[in-house]
Amino acid sequence: MKDLMIRPERCMGCRSCETACAVAHSESKSLFSAIGEKPAPKKRINLEPVPDLGVSLPITCRHCKEAPCVSVCPTKAIYQDENASMVSYDPNRCVDCWICSTVCSRFTPLYHMILVMGCWTSSMNHNRKVISRQAEAGIKCDLCEGRDMPACVEACPTHALIFTEANEV
């Protein structure tokens, strides 16, 4: 099964992914018309600056129905609601073990990059913030259902985002 993969070393922080995502989920599907829509179309991907790494990262959570990050969390800091529709995060229970990042196919490249660069905790905090914000807003990446390729992937000028089988990265 294909999924959205992030190659953080290629991201230049242009935010093309965010714009393309919002337009793809707008009523008009047009950049110029989407700007005036009410309610404003919402993006499902967030570009997060990570100062410790000196990069910006496009981050999105699919809130998987059988989320592997939830099943491996030893303290239940990452959890799902009764319908298993949203993944949420409780920072008070987290012990910074990073097991969640090792099982999420989207974050595996980021996890490896962080291991190489040695900046552990601050980068993981960015992942958690995104998961928390998306859970609060009820926004879930749907990989642009009905399209052959997610809009964020098409819009990425450096191919930091790719749509491929998880084992091909």
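Attention here is on the structure that accompanies the text.

So, about the pattern of salt bridges. Inspection of the entire model under this criterion finds three salt bridges. R15 serves as the salt-bridge partner of E18, at 3.0 Å between the closest nitrogen and oxygen. Judged by its relative accessible area of 37%, R15 is partly exposed. Here E154 makes a salt bridge to R147, at a shortest N to O gap of 2.5 Å. In this structure R147 comes out as partly exposed when scored by relative accessible area, which is 36%. Ionic contacts of the salt-bridge type, sharing partners, join the residues R15, E18 and K43 into one network.

With that settled, consider a nonpolar patch on the surface. Residues L31, F32 and I35 make up a contiguous nonpolar surface patch of about 380 Å² in total accessible area. Note on placement: L31 falls in helix α2 (residues 31-34). Relative accessible area serves as the criterion here: at 40%, L31 is assigned to the partly exposed category.

Of all hydrophobic cores here, the largest spans 15 residues; its most connected members are L4, C17, I45, L143, C152, V153 and L161. Breaking this core down by element, the ones donating at least two residues are β1 (2-6), α1 (16-24), α7 (151-155) and β6 (161-165). Those residues in contact with C152 that sit more than four places away from it in its chain are L4, C17, A20, I45 and L161. Among the nonpolar cores identified, the runner-up in size contains ten residues, and V70, A77, Y89 and C100 belong to it.

Within the element layout of this structure, V95 appears in the loop between β5 (87-89) and α4 (99-103). The exposure class assigned to V95 is exposed, which follows from its relative accessible area of 52%. In this structure, the C-alpha to C-alpha distance between V95 and T75, residues 20 residues apart in sequence, is 7.5 Å.

Conventions and cut-offs
Residues numbered from 1 in each chain as written. Predicted model: local features only at pLDDT ≥ 70, side-chain atom pairs only at ≥ 80, totals over all residues. Heavy atoms only, no water. Salt bridge = Lys/Arg side-chain N within 4 Å of Asp/Glu carboxyl O. Buried < 20%, exposed > 50% of the residue type's maximum accessible area, 1.4 Å probe, protein only. Patch = residues over 30% accessible without salt bridge, like charges linked within 9 Å, V, L, I, M, F, W, Y side chains within 5 Å. Areas by Shrake-Rupley, 256 points an atom, 1.4 Å probe, with all protein chains shown as cover. Helix = DSSP H or I, 4+ residues; strand = E, 2+ residues; numbered from the N terminus. Core = buried A, V, L, I, M, F, W, Y, C linked by side-chain atoms within 4.5 Å. Contact = heavy atoms within 4.5 Å.

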